[in-house]
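Notes for the structure review
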Amino acid sequence: MKRSLILLTGGTKTKKTLHHQLVQLLGDDLSIRSYAADEGLPSNLKADIILYSSEALKDELSYIKNIDAEKVIIGKRTVHHDYLDKLLSIPEGSSVLVVNDEYNVTMELIQSLYQLGISHVRFLPFKKNETYQEKIDAAVSPGEIELVPSYIPLILDIGVRLFDMTTILKIADYCNLPENAALHISERYIRSMIELQQKLMAAQKQTKAIYQHLENVVNTVDDGILAMNEKKEITVFNEKLEALFHVRGSDIINTPIQKAALQEDVVSFIQNGIEESRLFSIHGVDVAVYRYSMALEQTTVAVFKSVRQASEIEKTAQRKLREKGFFAKYSFDDIICENTGMKNLKQIAKKLALSEHPILIQGESGTGKELFAHAIHQHSMRKNGPFLPVNCSALSESLLESELFGYEEGTFTGAQRGGKKGLFELADNGTIFLDEIGDISLSMQSRLLRVLQEKEIRRIGGTKIIPINVRIISATNKRIEKQMKEQTFRNDLFHRLNVLNLSIPSLKERKEDIPLLIHHFITKNGKWLKVEPALMNLLASAEWDGNIRELKNTVDYMITVADGSVLTEHDLPHSFSGGIPQTVNRELSEHDAILSIVKECNLAGKAASRDLISEKTKEWIMPLTPQQVRRRLDDLEEKGWVQKRKGRGGTKITEAGMKYLESTAPVK
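Now for a quick tour of the structure. (Residues numbered from 1 in each chain as written. Predicted model: local features only at pLDDT ≥ 70, side-chain atom pairs only at ≥ 80, totals over all residues. Heavy atoms only, no water.)

Things to note about the nonpolar core
Note on soluble globular proteins: their nonpolar side chains tend to be buried together. Counting residues in each nonpolar core, the largest one holds 32 residues, and the members touching the most others are Leu404, Phe424, Ile432, Leu434, Ile437 and Leu448. At the level of elements, strand E17 (387–391), helix H13 (397–405), helix H14 (423–426), strand E20 (431–435), helix H15 (442–454), helix H16 (480–485) and helix H17 (491–497) are the ones that each hand at least two residues to this core. Looking at this core, the element that brings in the most residues is H15, giving 5 residues. Each residue touching Leu448, except ones within four places of it in the same chain, is listed here: Phe424, Leu434, Ile437, Ile440, Ile472 and Leu493. Counting residues in each nonpolar core, the second largest holds 23 residues, with Leu529, Leu535, Ile548 and Leu567 among its members. (Core = buried A, V, L, I, M, F, W, Y, C linked by side-chain atoms within 4.5 Å. Buried < 20%, exposed > 50% of the residue type's maximum accessible area, 1.4 Å probe, protein only. Helix = DSSP H or I, 4+ residues; strand = E, 2+ residues; numbered from the N terminus. Contact = heavy atoms within 4.5 Å.)

Here is the structure:
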């Protein structure tokens, strides 16, 4: 009669895997039953041998009293041999997080991995709710991948760990199995090793065939191709480069690039170059070298093209960007000024443009911050790359997140089929302009900080980490220093964005530029019109709270309604009162005007919703979006002048707000 064994495991998946192993190796000689604690245990646990899957499980089930066995064995576990190739494929020197739900089991697994000789990487134990300061390159887990932090780029499931041979032989020895039974167990175990070796040999053969195919392809293209691994060793050097450098590829493959007897300036660019491409003369041949870094593979690829080819590629790329609208529309020539301070600012901006650092542009609304961002991109080394502007205050938080980071297919109802690239991906090798950066939420600030730190993004609903090469220019009309004190803007993000800084003066600080700007706007409209001196004096002395944007809107209006060839005061918009909308007294600010609208709505018994307030501002020279209205209502509520309510109640003016409006009313 066969002796009996009961296997006890924690989970169902572990039970199935270990039961299959035991049946495969001992099933001819033992009667085997298996139970998982997660599924519930039977009332009678009687067998010759009780086998626990781990020490931790034995401790967990110590309360059970209905166990009847001659022998209790605690199994020792090792990594499933089918997954060893996955572990060995992790790049040398990587930091690898080992993830399991039990810390002691995690430490046991790490010890097992090192004992197996997998020592080319550094293993770190996973702890729940812990933040890891150092960069983690990959994570491995025996079937617990749902616990792996989502930001880790490479996740390997190494399957449920199997019992090692000492455990199997301990069972066989206790049961006094005949000599031929022990021999059969060894044969089965060795057979599984042989099968693994056959799989590896087949994979190696297939890899060799693929490599040979790729080598043939690389040698037939018109470009020179050089690839370098993380050790700075040359791994690809095709026939086109052999002819260009007068060097045989077989002599330098697997050689450190610095020892490969190649041109020094080319080697320096491939190893340390910041820009995407550069021109070189190699043995009298003018070539453009394009450099690509692949972060995940830790590989650098350099493509060598003739200057003529490079010129055609650049023209094609620029044409495609223009077709999509991903290009800067303005240069420094479009920034019109005679003011000495503005002239100096343009010169400083040109110098900043040549750097790769982030730039923060500060200034009042309508001063031309976006114009400077366009011009900086046009003057930079990235001028042939995309330029993507986005107004952060005009989008809700969820919409801004999907616009910037993109999303995977099926992430939410209505998601685009196949997913969607975000603006950071689309701006790769170019510039992204984040206008009104002071209006983004703290959660969005955290995500943006990670982009600046790691130079990588992850789409909404996705797990893949996407490396990006994007320069960030941001702008705000807010006093971010004040926001940091109020803890509504992160200090660390501000210092990341504010590496380089530009402060744009208001139109009040450069009034000598107003006549120049007016003539520029008239010329841009393609009309030959004069400006009556009295009108010019009025416009030059007006208080332009909306700055250049408000001035341009006023000039555009006058050009449209003018009958003759001379602009006069009669052509001014009805809303003009010295540069401020008529709905607001000279002494009142934009916030005061909104407060007046809230008061009017309240007195009329209407709900002062953001949409209604936005609709009323359409009478102004610079209307506000509902999102902009919301931010201004936040400021008013902070002052205690309004009280925001959800639903149909809308915003209500407070008693303090009423008193404030009364204090600003003109004396009759």
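What follows picks up the thread again.
Overview of the packing of helix H21 (residues 590–603) against helix H23 (residues 626–639)
Two elements in contact, H21 and H23, have axes separated by 10 Å at closest approach and are oriented at 85°. For the element pair H21 / H23, the angle class is roughly perpendicular. Packed against H21, whose contacting residues are Glu590, His591, Ile594, Leu595 and Val598, the element H23 presents Arg632, Leu633, Asp635 and Leu636 at the interface. Among the residues making up the contact of H21 with H23, the classes are represented as 5 nonpolar, 1 polar and 3 charged. (Axes fitted to C-alpha atoms, helices over the stretch in contact; angles between N-to-C directions. Parallel < 35°, antiparallel > 145°, perpendicular 65-115°, else oblique. Nonpolar A, V, L, I, M, F, W, Y, C, P; charged D, E, K, R; others polar.)

Remarks on the packing of H13 against H15
Two numbers describe how H13 lies on H15: the axes approach to 11 Å, and their chain directions differ by 15°. When the interaxial angle is binned, H13 and H15 end up roughly parallel. At the point where H13 passes H15, the crossing takes the left-handed sense. The residues of H15 that touch H13, namely those facing Glu397, Leu400, Glu401, Leu404 and Phe405, are Ser443, Met444, Arg447 and Val451. Here the contact of H13 with H15 is composed, by residue class, of 5 nonpolar, 1 polar and 3 charged. (Left-handed = near helix turned anticlockwise from the far one by under 90°.)

Focus on the environment of Leu57
Structurally, the position occupied by Leu57 is in helix H2 (residues 55–60). With relative accessibility at 3%, the residue Leu57 sits in the buried group. As for Leu57 and Ile74, which are separated by 17 residues in sequence, their C-alpha atoms are 9.2 Å apart. Apart from residues no more than four positions distant in its own chain, Leu57 is found in contact with Leu8, Thr9, Gly10, Ala37 and Tyr52.

Some words on the packing of aromatic side chains
A full pass over the atoms with the stated rule returns 7 aromatic pairs. Ring centres 5.3 Å apart and planes at 70° place the aromatic pair Tyr114 and Phe123 in the edge-to-face group. Given the relative accessible area of 36%, Tyr114 is considered partly exposed. Both rings, one in Trp641 and one in Tyr660, keep their centres 3.9 Å apart while their planes meet at 15°; by these two values the pair is stacked. One end of the pair, Trp641, is in the loop between H23 and strand E27 (642–644); the other, Tyr660, is in helix H24 (residues 655–664), and 19 residues separate them in sequence. The exposure class assigned to Trp641 is buried, which follows from its relative accessible area of 16%. Residue class for Tyr660 comes out partly exposed when judged on its relative accessible area of 21%. An aromatic cluster is built from Phe237, Phe245 and Phe304, whose rings are joined through pairwise contacts. When the ring centre of Phe405 is taken as reference, the NZ or CZ atom of Arg447 above it lies at 3.9 Å. (Phe/Tyr/Trp six-rings, centres within 6.5 Å; stacked < 30°, edge-to-face > 60°. Lys NZ or Arg CZ within 6 Å of the ring centre and 35° of its normal.)

Focus: the sheet that holds strand E7 (residues 122–125)
The parallel open sheet is built from 4 strands, whose spatial order is E7-E6-E8-E9. This sheet does not close on itself; its edge strands, each paired only once, are E7 and strand E9 (154–157). Here the average twist between neighbouring strands, direction ignored, is 25°. Pairing analysis gives 4 bridges linking strand E6 (residues 95–98) to E7, with the strands arranged parallel. Opposite Leu97, over in E7, you have Leu124 as the bridge partner. This element, helix H4 (residues 103–115), spans E6 and E7 of the sheet and lies at about 170° to E7. (Pairing = 2+ DSSP bridges.)

Some points on the environment of Glu543
Along the chain, Glu543 turns up in the loop between helix H19 (533–541) and helix H20 (547–561). The partly exposed category is assigned to Glu543, whose relative accessible area is 36%. Taking C-alpha positions, Glu543 is 9.8 Å from Lys511, a pair spaced 32 residues apart along the chain.

Regarding H15
For H15, built from 13 residues, the straight-helix expectation of 18 Å at 1.5 Å per residue is met to within 8% by its first-to-last C-alpha distance of 18 Å. Listed as buried for H15 are Met444, Gln445, Leu448, Leu449, Val451 and Leu452. Seen end-on, H15 carries its buried residues on one side only, within an arc spanning 155°. Taken from the residues just after H15, Lys455 is the one with a positive phi, measuring 55°. (Expected span 1.5 Å × (residues − 1). Arc of directions from axis to C-beta.)

Regarding the side chain of Thr617
For Thr617, the position within the fold is in the loop between helix H22 (610–616) and H23. One polar contact links the side chain of Thr617 to the main-chain carbonyl oxygen of Ser614, over a distance of 2.7 Å. When sequence neighbours within four positions are dropped, the list of residues in contact with Thr617 reads Pro623 and Leu624. (Polar contact = N/O pair within 3.5 Å; in protein donor to acceptor, adjacent residues only side chain to side chain.)

Structural notes on unusual backbone geometry
Located in the positive-phi region is Glu436, a residue other than glycine, with phi close to 55°. Relative to the assigned elements, Glu436 resides in the loop between E20 and H15. Given a relative accessible area of 9%, Glu436 falls into the buried group. Of note, the phi angle at Asn547 is positive, near 55°, even though the residue is not glycine. Tracing the sequence through the fold places Asn547 in helix H20.

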